Amino acid sequence: MMKKKSIYASRASLVLILCQVISALDVPLDSKLLEELLQPPTITQQSPKDYIVDPRENIVIQCEAKGKPPPSFSWTRNGTHFDIDKDAQVTMKPNSGTLVVNIMNGGKAEAYEGVYQCTARNERGAAISNNIVIRPSRSPLWTKEKLEPNQVREGDSLVLHCRPPVGLPPPIIFWMDNAFQRLPQSERVSQGLNGDLYFSNVQPEDTREDYICYARFNHTQTIQQKQPISVKVFSMDSLNDTIAANLSDTDIYGAKPVTERPPVLLTPTGSTSTKVELRGNVLLLECIAAGLPTPVIRWIKEGGELPANRTFFENFKKTLKIIDVSEADSGNYKCIARNTLGSAHHVISVTVKAAPYWITAPRNLVLSPGEHGTLICRANGNPKPNISWLANGVPIAIAPEDPSRKVDGDTIIFSHVQERSSAVYQCNASNEYGYLLANAFVNVLAEPPRILTPVNKLYQVIADSPALLDCAYFGSPKPEIEWFKGVKGSILRGNEYVFHDNGTLEIPVAQKDSAGTYTCVARNELGKTQNEVQLEVKDPTMIIKQPEYQVIQRYGQVSFECIIKHDSTLLPTIIWLKDNDELPDDERFLVGKDNLTIMNVTDKDDGTYTCIVNTTLDSVSASAVLTVVAAPPTPAIIYARPNPPFDLELTGQLERSIELSWIPGDENNSPIISFVIEYEDGLHEPGVWHYQTEVPGSQTTVQLKLSPYVNYSFRVIAVNEIGRSQPSEPSEQYLTKSANPDENPSNVQGIGSEPDNLVITWESLKGFQSNGPGLQYKVSWRQKDVDDEWTSVIVANVSKYIVSGTPTFVPYEIKVQALNDLGYAPEPSEVIGHSGEDLPMVAPGNVQVYVINSTLAKVHWDPVPLKTVRGHLQGYKVYYWKVQSLSRRSRRHVEKKILTFRGNKTFGMLPGLEPYSSYKLNVRVVNGKGEGPASPDKVFKTPEGVPSSPSFLKITNPTLDSLTLEWGSPTHPNGVLTSYVLKFQPINNTHELGPLVEIRIPANESSLILKNLNYSTRYKFYINAQTSVGSGSQITEEAVTIMDEGKMAGILHPAVGAGKAMASRQVDIATQGWFIGLMCAVALLILILLIVCFIRRNKGGKYPVKEKEDAHADPEIQPMKEDDGTFGEYRSLESDAEDHKPLKKGSRTPSDRTVKKEDSDDSLVDYGEGVNGQFNEDGSFIGQYSGKKEKEPAEGNESSEAPSPVNAMNSFV
């Protein structure tokens, strides 16, 4: 802690000294002035740090410097003085430090390999160059090697190795054939980054003997060639032919066909690899895979997105290229190779390191005697670079002492300097990946004032625009500047003038009376000087008659006017444009002094015509639209968008406000509703117009609020019901003064991305919010409740800063303050952030489970100590899974379920458990990084519950008084079954339910025969299973007992209807007396007729009815078939009671023996019997009264079955 306090104390003293620093002098880039002033050396040109030279040419090591007096030069080689006078091959150019090593006249480049450094020195100090490493380029030949032919089977992968010789710099590799043609490459065949040629799978067309690898050494302009490589691909057909030719007929031969294979990575090998790349370089990652079909490569970044606008894919997406990499690009990159058979992947862990790079490079300092100043040298890198200082090329620790100099880390503080304090200081920032070296001189000068602006320089401006009168000066100490108007005028002061630090006088709004002679006076303690300049104020150029919107008939003539008013001393030029381009080269376009005439107008002349008036000081323009129509315009009123406003004027200029006025353009028969004012910031976003405000159409003046450090131009747009006008011409520019920022960055956050860092982010200010040049941010942080002092760093205009080496997940107070060259924004508010999270360390303890019922349990746990969470506590996760069902004792696939309880809860409910089962669970704490370790598994069991319904219920084997019931055990018994409960009740023909009967059945039974039921009665059955807890849900079914033993009663399921048939008791008409009497009479009549027919037939004659039928053939009655003597209309009915078939419609008995059918609503269809349920009434009676009989062969013309109720009675008798 004492050490930290001492650091803070030194920083406090540094801040105190900096507060006393007077701004350093800026030396104008005036050639005459620079020639006269004394100046320490400055290196202006030097060779690169790593300098690879052509061994066949002279070596030129550059070192150029400037200074007053001109500097002398010396060199070191490998850290010791290099005496060029003793080496005849080395010369130094006159008035220069550049060395020339003569190689072409006998010198050897290898002899001059080494590290060189140049020193430029004069009486004011010494500047040094970078360490220049000289290495001659090398392009060695390939070593002799014996290359065996590559014989490979079709579809296999292949790698042709190049292995080029090691050169300096490394060669460029490419593959060609003997004809010097590049070998074609594709997704299947491509060259890797190491120069090898990869085949994902070979094809017969890959067979050739001239695969040649070439290495091009650019430095020496030479190409080396490897010996040709031969590849022979054996296709399956040729391989089979070869095998067949060498085997006897009895041998079994044949090569396997080309088989497809999933991807396998050829490079890189293994599942993971690492790569280190430097910040700012190009990151190249490569994945090449074998496989058939040819795999396709895809790249992803784990846990993030590939950087947009910097990511490119090369070599058929096998190479991932990220340009300008930064530390944020570190991470795991996964390549995935995929084809139709599978995939393979490889993870490349990329770490981005950084050679030193400047945050603030030291800048030259010009001071007056007795002044103060600082040299600041700040650099960053990964790892963080070490900063060291040199004075005139000598380490500052052993350099001559200077009482005005104090070194404080990366800063040198100068106080009360004298001329002897002049020197050149070198800042060296280095880490293992490189170094930065910067020279910055301190030049202490005592010079009387000088004015560099030419005498009587003439300035011309347009009235109401700014006038800038220069007074470039130099002096040491820095002179004070005063301005006077006229020969004997008083000193200029007040808000109507702006005095710039560089001596320039600004008149924001020059008027006619501003013209005249202005005198600039510069004075310091060493002297005084003055200079006069002239200002002329001209009248603005105006278009007093603008071109107007024209509608012209085709082939007519049109004229646009452009009458101007201008200052008599300015010569205007008028240019006409069509659609912002030059006028067509057509003699129909006539340009006059103040008009444009178009003869014989055509459709292509339609467009916007613009008149532009230019002088040496200003430019104005006006536009109009020409519309070409086929017919003359109708006399109706033309409504159009308004013409743009004009004559914009700025008045009442203040630091934060200004007044804008304008003259409206023509309304074009539609009143102007409003004016829209837009502004352009020519300093930050030139050419981009932004919305400023909107005012009513009756207003032509508006007071506008302004921001500091914005170069404003305004324009006005008129709006009516038709639309918006074209924008007006921009107003004159008005540059507001710079000021401290008014606001600080928003959305400041501190969130660690790793356990040992704190990433501070914010939303940067917009350009106009900067209020001045040099926008930067002061980022401050301190550990909450631990650090008393803030740690701060000033960063460039970025939006992120990473604090490394922090403890894991501790709170930090953070603030980000904006600043610019004029100072700081108001003190920012503090926000609380946290350094990076890590996975929780411990598991919740004392996990208890309380079973509430068979499907619900409650779990309790003790909260983990917050310090072990190591992150934001998001909650707890309960993992639970069913181990086994206690009723079945059978294990199944474990499917873990997860419940998340947000916040610091210590209990939770587990719903949806299965009754009578064994479960396990554990609890884990969760933070923003992930899950902590699991608590020990806790076992608990759920009690029994009620079972589910039986899996099925079937009713079979119906008889007159019994039914057989079969059922399946419940899918989820949820315990030990104790019994089944069967209930049933009859249903009458009005759908009313009869008395309910209940039967309890042992749990091990799965069927039951119910006896003593009523015949031809519908019953409804209910069955459910029971455990010791209670009864489960039931399943229902309905069935009907049969009427007699010859028929099967239909079983109706609840889900399947039986048409309109309802379960009701049948009325048996066979027992009715009237029906029995009728049937007996019919049977007797039929018997008599049959006897008569039999007698007549035996006599060989025809019965009368037959004669009538022969004489009067009824077309509706079909003749008997001659082959079997049966009636053609009737079909034989099987006597089996199970095969009732209906008679065809329209069937009848012959002539007067026809028996009339009686209509009846009673049929077997109503009872749901039969196969298809579609019987005629005749068929129904047949089915009901005809018994089963043996089939007899048909004789003569007799039918095998009775086709009518008469025949039915005959069969019955």
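Residues numbered from 1 in each chain as written. Predicted model: local features only at pLDDT ≥ 70, side-chain atom pairs only at ≥ 80, totals over all residues. Heavy atoms only, no water.

*Asks:* Residues and numbers for the overall build of the chain, please.
*Replies:* The helix and strand inventory of the chain stands at 8 helices and 85 strands. Taken across its 1213 residues, the chain has 40% of its residues classed as buried. Of the contacts made within the chain by residues no fewer than 6 positions apart, 65% connect residues no fewer than 24 positions apart. In the structure as shown, the chain presents an accessible area of about 65500 Å², 51% of it carried by carbon and sulfur atoms. (Helix = DSSP H or I, 4+ residues; strand = E, 2+ residues; numbered from the N terminus. Buried < 20%, exposed > 50% of the residue type's maximum accessible area, 1.4 Å probe, protein only. Contact = heavy atoms within 4.5 Å. Areas by Shrake-Rupley, 256 points an atom, 1.4 Å probe, with all protein chains shown as cover.)

*Asks:* Break down the packing of aromatic side chains for me, with residues and values.
*Replies:* Within this structure, the stated rule accounts for 19 aromatic pairs. Between Tyr 712 and Phe 714, the ring centres sit 5.4 Å apart and the planes meet at 5°, which makes this aromatic pair stacked. Classification of Tyr 712 as buried rests on a relative accessible area of 4%. The ring of Tyr 211 carries the charged tip of Arg 208 above its face, separated from the ring centre by 5.7 Å. In this structure, Lys 815 packs its charged tip against the face of Trp 790, placed 4.3 Å from the ring centre. (Phe/Tyr/Trp six-rings, centres within 6.5 Å; stacked < 30°, edge-to-face > 60°. Lys NZ or Arg CZ within 6 Å of the ring centre and 35° of its normal.)

*Asks:* Can you break down the sheet that holds strand β55 (residues 607–614) residue by residue, with the values?
*Replies:* Here we have 5 strands laid out as an open sheet, ordered β48-β56-β55-β51-β52, and mixed in their pairing. The outermost strands of the open sheet, each flanked by one partner alone, are β48 (550–553) and β52 (581–582). Across 8 bridges, the pairing between β55 and strand β56 (residues 619–629) is antiparallel. Across the sheet, residue Ile 612 finds its bridge partner in β56, namely Ser 621. (Pairing = 2+ DSSP bridges.)

*Asks:* An account of the state of the cysteines is requested, with residue identities and associated values reported.
*Replies:* In this structure the tally under the stated criterion is 6 disulfides. Paired by a disulfide, Cys 63 and Cys 118 hold their sulfur atoms 2.0 Å apart. One disulfide, between Cys 63 and Cys 118, carries an S-S torsion of -70° and so falls in the left-handed class. In this pair, Cys 63 sits in strand β4 (residues 63–68) while Cys 118 sits in strand β9 (residues 114–122), placing the two residues 55 residues apart along the sequence. For the pair formed by Cys 63 and Cys 118, the shared burial category is buried. Between the sulfur atoms of Cys 162 and its disulfide mate Cys 213 the distance is 1.9 Å. On the S-S bond that ties Cys 162 to Cys 213, the torsion sits near -65°, and the link is left-handed. Taken together, the residues span a long stretch of sequence, with Cys 162 in the loop between β13 (158–160) and β14 (172–176) and Cys 213 in strand β17 (residues 208–217) at a distance of 51 residues. The pair formed by Cys 162 and Cys 213 is uniform in burial state, with each residue classed as buried. (Disulfide = S-S within 2.5 Å.)

*Asks:* Can you tell me about a nonpolar patch on the surface, naming the residues and giving the values?
*Replies:* There is a patch of nonpolar side chains on the surface, built from Leu 1084, Leu 1087, Ile 1088, Ile 1091, Val 1092, Phe 1094 and Ile 1095 and spanning about 660 Å² of accessible area. Looking at where Ile 1088 falls in the secondary structure, it is placed in helix α5 (residues 1073–1099). Accessibility expressed as a relative area gives 46% for Ile 1088, which makes it partly exposed. (Patch = residues over 30% accessible without salt bridge, like charges linked within 9 Å, V, L, I, M, F, W, Y side chains within 5 Å. Salt bridge = Lys/Arg side-chain N within 4 Å of Asp/Glu carboxyl O.)

*Asks:* Run through the pattern of salt bridges, naming residues and quoting values.
*Replies:* When their charged atoms lie close together, side chains carrying opposite charge are able to pair. Following the criterion strictly, the structure yields 37 salt bridges and no others. Asp 177 is the salt-bridge partner of Arg 208, the closest N and O atoms lying 3.3 Å from each other. On the criterion of sequence distance, the pair formed by Arg 208 in strand β17 and Asp 177 in the loop between β14 and β15 (189–191) is long-range, its members being 31 residues apart. Judged by its relative accessible area of 27%, Arg 208 falls in the partly exposed class. As a salt-bridge pair, Glu 931 and Arg 924 come within 3.6 Å of each other at their nearest N and O atoms. Exposure remark for Glu 931: the relative accessible area of 25% places this residue in the partly exposed category. Taking the relative accessible area as the measure of exposure, Arg 924 reaches 19% and is therefore buried.

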